[in-house]
Amino acid sequence: MTLRQFEQVSRTLIDSSPPQPGEIEIAPRGAGESGARIRQIVMGAAGWLSTSRAAFCVPAVTFVVLFTVLVFRPGQLAATVAVDFHLPSEGAIPKEQPAPGVEIDPQDIVWRFRYGATGTEFGGGVPYWIFRVMPRIFDDEFKGRGYDRFGFGADDTTYYQSRPVGRGLFLADSTLNIPLLRTRFALKRVAINCSGCHRGEYLNANGEPVYVDGMPNHTADLQGFKRFFARAFQDERVTGDRLIQEIDAALDEGGAAPLTAREQALYRILLVELKNRGSSGTTDWMDLRADNGPGRIDPFNAVKFEVLKAPDDRTAAQIDFPSLWNQRAEVREWHHVDGNTASSKARNRGSAIGVGAVAMSLNKDTIDAIGRWLDRDLPVPGYPFTAPAPERAARGLAVFAEHCASCHGIYDPVKRTVREVEGSHYMDRINTGTDAERSRAFMKPAADALNAYGERRQIWERDAFRPVREAGEYLAGPLDGIWARAPYLHNGSVPTLADLLKPPAPPGKLAPEKARGFRPKQFYRGSRRFDERNVGWVSTEPMEGDRALFLYRTVDDSDEPIPGNGNEGHTHGVNLPPEDREALLDHLKTL
């Protein structure tokens, strides 16, 4: 649909009701016939833009909006311009219900981390009512689980007793932060924020979930979530009539009126745009690589191929979601598994770009405030299970100092500092023989392109990212909160720390008894039950209750290595005596 066609449709779709308090209307009624005409054009253009990836239209919309405000409201350049479709169904979205006695403070940094809008709704969001009814249309796939199917299910009740979306997701209008002006497109969308990847969970002794801020969300399947929406809108079941029928049914369940004719027309337009977006082939690159599974992501290839439009270099750069505590320079001078940046700004804003934000939609205030909290204040979670015997943990510290500290330093959980030892490689990039695919994905061309993208848009510093020098290099970092960071190695290819202290398995099929002496070639990911003895998630069973887990494989059916999934390398400690190995595991629980 062209911009002109949308503008023509918008004359009957878009109401020109007065703006809400604190907002200004584009070309108000008093501006006369010419003002009304400008209003129609601007609102139609902005509405179309808010549902598409046509970033090249942003400058034109910006110019028209600024020109309009300068002409009709020159004293209000700092205000928010609201482009509001005035849809009755928006008012029928279930309200967030705070927990008893809780007063929500939008400046509370923990609340902002869990529920704040980061700008990802602009390119990566889905309109709420469409999001709401997709599990109805695809009930054969969801089987009543809703978006818990992708790891975005129940939440605790610290802040809310109920929300219209699951944990790791937020609901917000799209906002473009144009210089001197904020333009809000009032159409609620569901998108992922920081906590979607970095708020994990485990089951306590009573089988109840416990959520931990900054812990990798090892049950979240972002790739599955993204693929579902890319594929679903191409499915023959998703038609305009079916979509409207299901939305009306959901509205009726909540006691709300069905969609108006104007709303029905708008949702048909939105569906056309979503179908076009899904048919563009933007996510086809993922099909050429092994599935990520829960708790893993290929973030820089997503940016390279989908945002920067770089040619596919065939690298498979999957990594485990990282933990977020102790991000300050005194502990982590460099960030990411390959140490590609020392800039907290680039780390945080780049993560939002990777899951749907664009330069003008970035909520920099929230993202930067969360970044400062991660650097300074987010605590490392203490080991919540059976505490190890002090004498065994002390013996383990001695083993760690001899065999591990030269790369990982000695972390003090009380002072939250790292002490380096003689001959230290701490915060150096070294090659220990692990899967090299991620490092190959961030050579000089990728770093140069990402630096140019951020510099032109003034979202991070010049030369914020540094390239990997040689394939196979990864950052030697601290092991703070290591119990909560399973599975292990940068790509999550080893299920437990006990398995990491075993050598990689040789090629060929092994008898079960012999195979137990090596790292497993396959295991199940996504369990929330902790394996205290081996330190990691239970990984030998395909189900957790009625939840199917993901089978992770390091080799294919022909026993050939799967690029990006290898569990080779990092063989430090594999020859330790059993007593030292057990003591080392107990020490690692205390970090």
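Residues numbered from 1 in each chain as written. Predicted model: local features only at pLDDT ≥ 70, side-chain atom pairs only at ≥ 80, totals over all residues. Heavy atoms only, no water.

> What should I look at first to understand the overall build of the chain in this one?
The helix and strand tally for the chain stands at 22 helices and 21 strands. Every one of the 591 residues in the chain was classed for burial, and the buried ones make up 55%. In the chain, the proportion of contacts linking residues at least 24 apart, taken out of those at least 6 apart, comes to 73%. Carbon and sulfur atoms make up 53% of the accessible area of the chain, which amounts to about 25400 Å² in all. (Helix = DSSP H or I, 4+ residues; strand = E, 2+ residues; numbered from the N terminus. Buried < 20%, exposed > 50% of the residue type's maximum accessible area, 1.4 Å probe, protein only. Contact = heavy atoms within 4.5 Å. Areas by Shrake-Rupley, 256 points an atom, 1.4 Å probe, with all protein chains shown as cover.)

> How do you make sense of the packing of aromatic side chains when you look at a structure like this?
In this description, a pair of aromatic rings is defined by centroid distance and the angle of the planes. Taken as a whole and assessed by the stated rule, the structure comprises 36 aromatic pairs. Between the aromatic rings of Tyr-383 and Phe-385, the centroid separation amounts to 5.5 Å while the plane-to-plane angle is 75°, which identifies the pairing as edge-to-face. Accessibility assignment for this pair places Tyr-383 and Phe-385 in one class, buried. For the pair Trp-483 and Phe-530, a centre-to-centre distance of 5.8 Å together with 80° between the ring planes defines the contact as edge-to-face. Taken together, the positions of Trp-483 in the loop between strand S15 (473–475) and helix H20 (497–500) and Phe-530 in strand S17 (residues 530–531) put the pair 47 residues apart, joining distant regions of the chain. In textbook terms, an aromatic cluster arises when at least three aromatic residues are bridged by ring pairs, as seen for Phe-131, Phe-138, Phe-142, Tyr-147, Phe-150, Phe-152, Phe-225, Phe-228, Phe-229 and Phe-233. When the ring centre of Phe-142 is taken as origin, the NZ or CZ atom of Arg-149, which lies over that ring, is 4.7 Å away. A cation sits over an aromatic face here: Arg-466 above Trp-334, 3.4 Å from the ring centre. (Phe/Tyr/Trp six-rings, centres within 6.5 Å; stacked < 30°, edge-to-face > 60°. Lys NZ or Arg CZ within 6 Å of the ring centre and 35° of its normal.)

> For this particular structure, what's the right way to read the confidence of the model for the chain?
When pLDDT is low, close inspection of the predicted coordinates is not appropriate. Residues with a pLDDT of 70 or more make up 86% of the chain, whose mean pLDDT is 88. Across residues 1–32, where pLDDT falls below 50, the model places 69 contacts with residues more than four positions away in sequence or in other chains. (pLDDT = per-residue confidence, 0-100.)

> Honestly, the pattern of salt bridges in this entry has me stumped. Any pointers?
Once their charged atoms are close, side chains differing in charge can pair, the charge on each being opposite to the other. Per the stated rule, a full pass over the model turns up 44 salt bridges. One salt bridge in this structure joins Asp-148 and Arg-145, with 3.0 Å as the shortest N-O distance. Relative accessible area serves as the criterion here: at 27%, Arg-145 is assigned to the partly exposed category. A salt bridge links Glu-306 to Lys-226; the shortest N-O distance between them is 2.8 Å. Placement of the pair is Glu-306 in helix H13 (residues 299–307) and Lys-226 in helix H10 (residues 222–232), with a sequence separation of 80 residues. According to the relative accessible area criterion, Glu-306 is buried, its value standing at 12%. (Salt bridge = Lys/Arg side-chain N within 4 Å of Asp/Glu carboxyl O.)

> Help me understand the pairing of strand S8 (residues 199–203), please; the structure alone is not making it clear to me.
Consecutive residues of a regular strand have side chains that alternate between opposite faces of the sheet. A large share of S8 lies buried, amounting to five of its five residues. Neither face of S8 is exposed, since Arg-199, Glu-201 and Leu-203 on one face and Gly-200 and Tyr-202 on the opposite face are all buried.

> For this particular structure, what's the right way to read the pairing of strand S16 (residues 522–525)?
Alternating residues of S16 divide into Phe-523 and Arg-525, all buried, and Gln-522 and Tyr-524, none buried. Strand direction decides the pairing type here: S16 and strand S21 (residues 550–553), joined by four bridges, are antiparallel. When the bridges of S21 are listed, Arg-525 appears paired with Phe-550. (Pairing = 2+ DSSP bridges.)

> I keep staring at H10 and nothing clicks. Help me out?
Each α-helix winds once per 3.6 residues, and so residues spaced three or four apart point in a common direction. Taken across its eleven residues, H10 has eight buried, putting it largely inside the fold. For H10, the complete set of buried residues consists of Leu-222, Gln-223, Gly-224, Phe-225, Phe-228, Phe-229, Ala-230 and Ala-232.

> Help me understand the environment of Val-303, please; the structure alone is not making it clear to me.
Positionally, Val-303 belongs in helix H13. You can call Val-303 buried: its relative accessible area is 7%. Linking Val-303 and Gly-356, residues 53 residues apart in sequence, is a C-alpha distance of 9.6 Å. Excluding residues that lie within four positions of it along the chain, Val-303 makes contacts with Leu-308, Gly-354 and Leu-450.

> What exactly am I supposed to notice about the environment of Leu-551 here?
Secondary-structure assignment places Leu-551 in strand S21. Residue classification places Leu-551 among the partly exposed positions, given a relative accessible area of 33%. Each C-alpha atom of the pair Leu-551 and Gly-526 lies 9.3 Å from the other, and the pair is 25 residues apart in sequence. With near-sequence residues (within four places) excluded, Leu-551 lies in contact with Gln-522, Phe-523 and Tyr-524.

> Got a minute to help me understand the packing of helix H11 (residues 240–253) against helix H12 (residues 261–278) in this structure?
Pairs of packed helices are described in terms of their axes, by the angle between the two and the distance that separates them. With their axes 10 Å apart at the nearest point, H11 and H12 run at an angle of 125° to one another. Considered as vectors, H11 and H12 are oriented oblique to each other. With respect to the hand of their crossing, H11 and H12 are arranged in right-handed fashion. Counting all contacts with H11, which are made through Gly-240, Asp-241, Leu-243, Ile-244 and Ile-247, the residues of H12 involved are Gln-264, Tyr-267, Arg-268 and Leu-271. Tallied by class, the residues present in the contact of H11 with H12 amount to five nonpolar, two polar and two charged. (Axes fitted to C-alpha atoms, helices over the stretch in contact; angles between N-to-C directions. Parallel < 35°, antiparallel > 145°, perpendicular 65-115°, else oblique. Left-handed = near helix turned anticlockwise from the far one by under 90°. Nonpolar A, V, L, I, M, F, W, Y, C, P; charged D, E, K, R; others polar.)

> I keep staring at the side chain of Asn-217 and nothing clicks. Help me out?
Mapping Asn-217 onto the fold places it in the loop between strand S9 (209–213) and H10. Overall, Asn-217 belongs to the buried group, its relative accessible area being 1%. In this structure the side chain of Asn-217 is engaged in a polar contact, spanning 3.0 Å, whose partner is the side chain of Thr-219. Excluding anything up to four places from it in sequence, Asn-217 contacts Gly-151, Arg-167, Ser-195, Gly-196, Cys-197, His-198, Arg-199, Gly-200, Gly-295 and Phe-321. (Polar contact = N/O pair within 3.5 Å; in protein donor to acceptor, adjacent residues only side chain to side chain.)

> Which parts of the structure should I look at to understand helix H16 (residues 390–403)?
For H16, which comprises 14 residues, the first-to-last C-alpha distance of 20 Å matches the rise-based estimate of 20 Å (1.5 Å per residue) to within 8%. Buried residues along H16 sit in contact with helix H17 (405–408), strand S12 (410–412) and helix H22 (578–589). (Expected span 1.5 Å × (residues − 1).)

> Which parts of the structure should I look at to understand the environment of Asp-235?
Among the structural elements, Asp-235 can be located in the loop between H10 and H11. Judged by its relative accessible area of 18%, Asp-235 falls in the buried class. When the C-alpha atoms of Asp-235 and Phe-138 are compared, they prove to be 9.8 Å apart, with 97 residues separating the residues in sequence. In this structure Asp-235 touches Phe-138 and Lys-275, once residues within four positions along its chain are discounted.

> I keep staring at the side chain of His-587 and nothing clicks. Help me out?
Relative to the helices and strands, His-587 is located in helix H22. Not counting residues within four places of it along the chain, the set of residues in contact with His-587 comprises Ala-393, Gly-396, Leu-397 and Phe-400.

> Help me understand the state of the cysteines, please; the structure alone is not making it clear to me.
Disulfide: a covalent bond formed between the sulfur atoms of two cysteine residues. In total, this model carries zero disulfides according to the counting rule given. Take Cys-404: it sits in no disulfide, and the sulfur closest to it among the cysteines is that of Cys-407, at 8.8 Å. Judged by relative accessible area, Cys-407 falls into the buried class, the value being 15%. (Disulfide = S-S within 2.5 Å.)

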